[in-house]
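Structural features, examined
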Amino acid sequence: MSLTLSLDFQYKTSIEKLWSALTDSSKLAKWVVNIHSGQAMENDFKPVVGHRFQFRTQPTEYWDGIVDGEVLTVDEPNRLSYTWASGGEKHTITWTLQDLGDGKVNLHLEQTGISNAQALGGAKFGWSKWCGELEGVLEQ
């Protein structure tokens, strides 16, 4: 059985600025950070369908520090989807952006293919922390 994580975040920003924070490699490195150390995760992400990318950080005794992915969907500035594979798990991440007007944007995250409740909890913790970091990037 496969589990799905579904989260929504609201930001005071423009949809274009939020899209850029989700798709620009240097901006991603500012908010997709090592959960334990806070260090930026180097990446070679490009918003191009079929592009294979990696996020890399310091390995630990439990994890090699590498996330592999492939871009599946790019519908600027509304929808972005890619695979997210690490630690024997392979998920699909889909971001949906919705301009709410009045300078607010809703960011919906759906992560599918999660194998167990522990992985679901870890994903919820990680994305919630990262999306908090994203808020700081948007304020810059």
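Preceding block: the structure.
Attention here is on the structure that accompanies the text. In this text, all values refer to a predicted model and were calculated from it rather than measured experimentally. Residues take numbers from 1 onward in each chain, read along the sequence in its written order. Only residues with pLDDT of 70 or above have their local features reported here, since the model is predicted, and side-chain atom pairs are shown and tallied only from 80 upward, although totals for entire chains, interfaces and linings are computed over all residues. Heavy atoms throughout the structure, all of them, feed into the side-chain values; hydrogens and water do not.

1. Notes on the nonpolar core
Defined as follows: In these notes, a set of buried Ala, Val, Leu, Ile, Met, Phe, Trp, Tyr and Cys residues joined through side-chain atoms within 4.5 Å is what counts as a nonpolar core. Under the scheme applied here, a residue whose accessible area is under 20% of the maximum for its type counts as buried, over 50% as exposed, and between as partly exposed, the area being computed with a 1.4 Å probe on protein chains only. Put simply, DSSP H or I for four residues or longer makes a helix, DSSP E for two residues or longer makes a strand, and each gets a number counted from the N terminus. Residue contacts are counted whenever heavy atoms from the two residues lie within 4.5 Å of one another.
Membership of the largest hydrophobic core comes to 36 residues, with the highest contact counts inside it found for Trp31, Tyr82, Trp84, Trp95, Leu97 and Trp127. Element by element, the count of residues in this core is highest for helix H3 (residues 117–138), at 7 residues. In this view, tyrosine 82 contacts Phe45, Phe53, Glu70, Val71, Leu72, His91, Thr92, Ile93, Trp95 and Trp127; residues no more than four positions away in its chain are not counted.

2. Things to note about the side chain of asparagine 43
Test applied: In the analysis that follows, any N or O atom pair within 3.5 Å is treated as a polar contact, provided that within protein one partner can donate a hydrogen and the other can accept it, and provided that, for residues neighboring in sequence, both atoms belong to side chains.
With respect to the element layout, asparagine 43 can be found in strand S2 (residues 42–43). Residue asparagine 43 is classed as buried on the basis of its relative accessible area, which comes to 12%. Among the polar contacts made by the side chain of asparagine 43, one reaches the main-chain amide nitrogen of phenylalanine 45 at a distance of 3.1 Å. Leaving out residues up to four positions away in the same chain, asparagine 43 has contacts with Ser25, Leu28, Ala29, Gln54, Phe55 and Arg56.

3. Structural notes on the environment of arginine 79
In this structure, arginine 79 sits in strand S5 (residues 79–86). Each C-alpha atom, one on arginine 79 and one on methionine 41, is 23 Å from the other, the two residues being 38 residues apart in sequence.

4. Focus on the sheet that holds strand S1 (residues 3–12)
Two pairing modes exist for strands in a sheet, parallel and antiparallel, and in both the strands are linked by backbone hydrogen bonds. Let me state the cut-off plainly: Strand pairing is defined by DSSP finding a minimum of two bridges between the two strands. Note on geometry: axes are C-alpha line fits, over the in-contact stretch for helices, and angles between N-to-C directions span 0 to 180 degrees.
Here we have 7 strands laid out as an open sheet, ordered S1-S7-S6-S5-S4-S3-S2, and antiparallel in their pairing. On the outer flanks of this sheet lie S1 and S2, each paired with one strand and no other. Where S2 meets strand S3 (residues 52–56), 2 bridges bridge the pair, whose relative direction is antiparallel. When the bridges of S3 are listed, asparagine 43 appears paired with phenylalanine 55. Most of the contacts of helix H1 (residues 15–23) go to strand S6 (residues 89–101), to which it runs at about 165°, and overall it touches S1, strand S4 (66–75), S5, S6 and strand S7 (104–114). Against the sheet, H3 contacts S1, S5, S6 and S7, and its axis sits at roughly 15° relative to S1.

5. Let's talk about the environment of histidine 91
Here histidine 91 is to be found in strand S6. Distance in space between the C-alpha atoms of histidine 91 and leucine 3 is 9.9 Å, their sequence separation being 88 residues. Setting aside chain neighbours within four positions, we find histidine 91 in contact with Tyr82, Thr83, Trp84, Gln111, Thr112, Gly113 and Ile114. In this structure the side chain of histidine 91 is engaged in a polar contact, spanning 2.5 Å, whose partner is the side chain of glutamate 89.

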